[in-house]
Structure formats: C-alpha cells, structure tokens
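# Analysis of the macromolecular model
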Amino acid sequence: MCRLHKSGVAINEVLEQLVEEYVTIGEEQQVTLIRSIPQEKLIVSIDVDKMIRVFENLLGNAVKYSPKPGVISVGMARERGQVIVRISNKADALTREELSQLFDRFYRVDSARTSDTGGSGLGLAIAKSIVESHGGRIWAESENGEIHFYVQLRLDA
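Reading the values: the criteria
- Residues numbered from 1 in each chain as written.
- Predicted model: local features only at pLDDT ≥ 70, side-chain atom pairs only at ≥ 80, totals over all residues.
- Heavy atoms only, no water.
- Helix = DSSP H or I, 4+ residues; strand = E, 2+ residues; numbered from the N terminus.
- Rg over C-alpha atoms; globule rule 2.2 N^0.38 Å.
- Buried < 20%, exposed > 50% of the residue type's maximum accessible area, 1.4 Å probe, protein only.
- Contact = heavy atoms within 4.5 Å.
- Lys, Arg positive; Asp, Glu negative; His and termini not counted.
- Charge placed at Lys NZ, Arg CZ, Asp CG, Glu CD.
- Pairing = 2+ DSSP bridges.
- Phe/Tyr/Trp six-rings, centres within 6.5 Å; stacked < 30°, edge-to-face > 60°.
- Lys NZ or Arg CZ within 6 Å of the ring centre and 35° of its normal.
- Core = buried A, V, L, I, M, F, W, Y, C linked by side-chain atoms within 4.5 Å.
- Axes fitted to C-alpha atoms, helices over the stretch in contact; angles between N-to-C directions.

## Focus on the overall build of the chain
- Secondary structure assignment for the chain yields five helices and seven strands.
- Helices (α) and strands (β) of the chain occur, in sequence order from the N terminus, as β-α-β-β-α-β-β-α-α-α-β-β.
- Taking 15 Å as the expected radius of gyration for a compact globule of 157 residues, we find that the chain reaches 15 Å, a close match to that expectation.
- Summarising its shape, the C-alpha atoms of the chain cover approximately 45 × 30 × 25 Å along the three principal directions.
- Out of the 157 residues in the chain, the part that is buried amounts to 42%.
- Long-range contacts, defined here as pairs at least 24 residues apart, represent 70% of the contacts in the chain between residues at least 6 apart.
- Separation between the mean location of the 19 positive side-chain charges and that of the 22 negative ones in the chain comes to 5 Å.

Quick look at the structure:
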C-alpha cells in the first residue's frame, strides 16, 4: 500500500458530498439513496482520496447490484470513540462463508459474473486494504434480504 497522506476531516461531510454525487447516478439506475448522516462533525484522520475510493466502491456496487427499482441506505453513527458507516441494499441472502470471502481478491459471489459484467473482483479487496491501512475495519452482514457493508474508523480525540 502506498503512503497515506492523512489529515483530519469531518467524515460525515465527505460522505454527504459523495452520496450527493451518487443521487443522480442512482436516479438513472432507478435506485433511491436514503441517508442518515449526523450533522455533528465527526473528525477522523484519513487519506481523503483513498477513503473516497472505498466509499465509491461500496456505493457503486450497491447501485450496480441492487434490484431495480431499489433503495440504498447510507447511515453513519458514533459509537465509543469510533465512527461506523453503513451502506445497505436489497440482495440475495449470503452464507457466512460467502460474506467472509467478499473481500478476497478476485472473489465473486455469482460465478456467472465475469469481468464483462461484474468488474475485476478487486474492488472490495482494495477497499479492505485501504481501510485496514487506516487502522479501521470493514465487513459485511446479510440479513432480511439486505446486505450491509460497514466501515469503522477511529474518531480523533
């Protein structure tokens, strides 16, 4: 992983701006974005460009793989010195094993997805590498016909 150029930023403002950019993309794909992002400035030390790449990957996947018409929800919460971002969309239920493999290089849930239809299979592996290089955590959960991607980062004191 190349060098990080970290600075203290309000992660909620970064995410708010990024989600706004995806509203139009979502509308074109018949996907509505619903957000629940606090107004309170939640400051984290991150390499903004790299972390934007993580959220672009998660939002892009949510738009690409959501049933149409559909809804993507983006939430953020402060929890014990951490900020947790959640991006959710409707999806077929995944097994625990499939969820654990989502972040492996070249892994695709649907073997019918080729690089023609589903990308390289590198996006989530790269996202995991970036988040972990920031001392954070990224994971996915599947429940009630939805998939939830979480990114957890340490808040600046």
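Let's pick the thread back up.
## Concerning the pairing of strand E7 (residues 146–154)
- The element E7 is extensively covered by neighbouring structure, given that seven of its nine residues are classed as buried.
- Alignment of strand E6 (residues 137–143) against E7, held across seven bridges, turns out to be antiparallel. Looking across to E7, one finds that Ser 142 is bridged to Ile 147.
- Joining the antiparallel neighbours E6 and E7 is a turn of two residues, in which Asn 144 adopts a positive phi near 50 degrees.

## Quick word on the packing of aromatic side chains
- Following the criterion strictly, the structure yields two aromatic pairs and no others.
- Where Trp 139 meets Tyr 150, the ring centres are 4.9 Å apart and the plane angle is 15 degrees; that geometry is what we call stacked. With a gap of 11 residues between them, Trp 139 in strand E6 and Tyr 150 in strand E7 connect regions that are remote in the sequence.
- By relative accessible area, Trp 139 is classed as buried at 16%.
- By relative accessible area, Tyr 150 is classed as buried at 12%.
- Above the ring of Trp 139, the side-chain terminus of Arg 137 is found at 3.8 Å from the ring centroid.

## Here we look at unusual backbone geometry
- Each neighbour pair has its own omega, and for Lys 68 with Pro 69 the value is -10 degrees, a cis peptide bond.
- The residue Pro 69 is located in the loop between helix H2 (48–65) and strand E4 (70–79) in this model.

## Quick look at the nonpolar core
- Judged by nonpolar contacts, the single largest core of 41 residues is most densely connected at Ile 11, Val 54, Phe 55, Leu 58, Ile 87, Leu 102 and Val 151.
- Of all the elements, H2 adds the most residues to this core, at seven residues.

## A few points about the sheet that holds E6
- Ordered by their spatial adjacency, five strands build an open sheet running E2-E4-E5-E7-E6, and the pairing between neighbours is mixed. The sheet terminates laterally at strand E2 (31–36) and E6, the two strands that pair on one side only. Across the sheet, the mean angle separating the axes of adjacent strands is 15 degrees when strand polarity is ignored.
- Here eight bridges tie E4 to strand E5 (residues 82–90), and the two strands are oriented antiparallel to one another. Residue pairing in the sheet places Ser 73 in a bridge with Ser 88 of E5.
- Each of E6 and E7 is contacted by helix H5 (residues 123–133), which is oriented at about 130 degrees to E6, the strand it contacts most.

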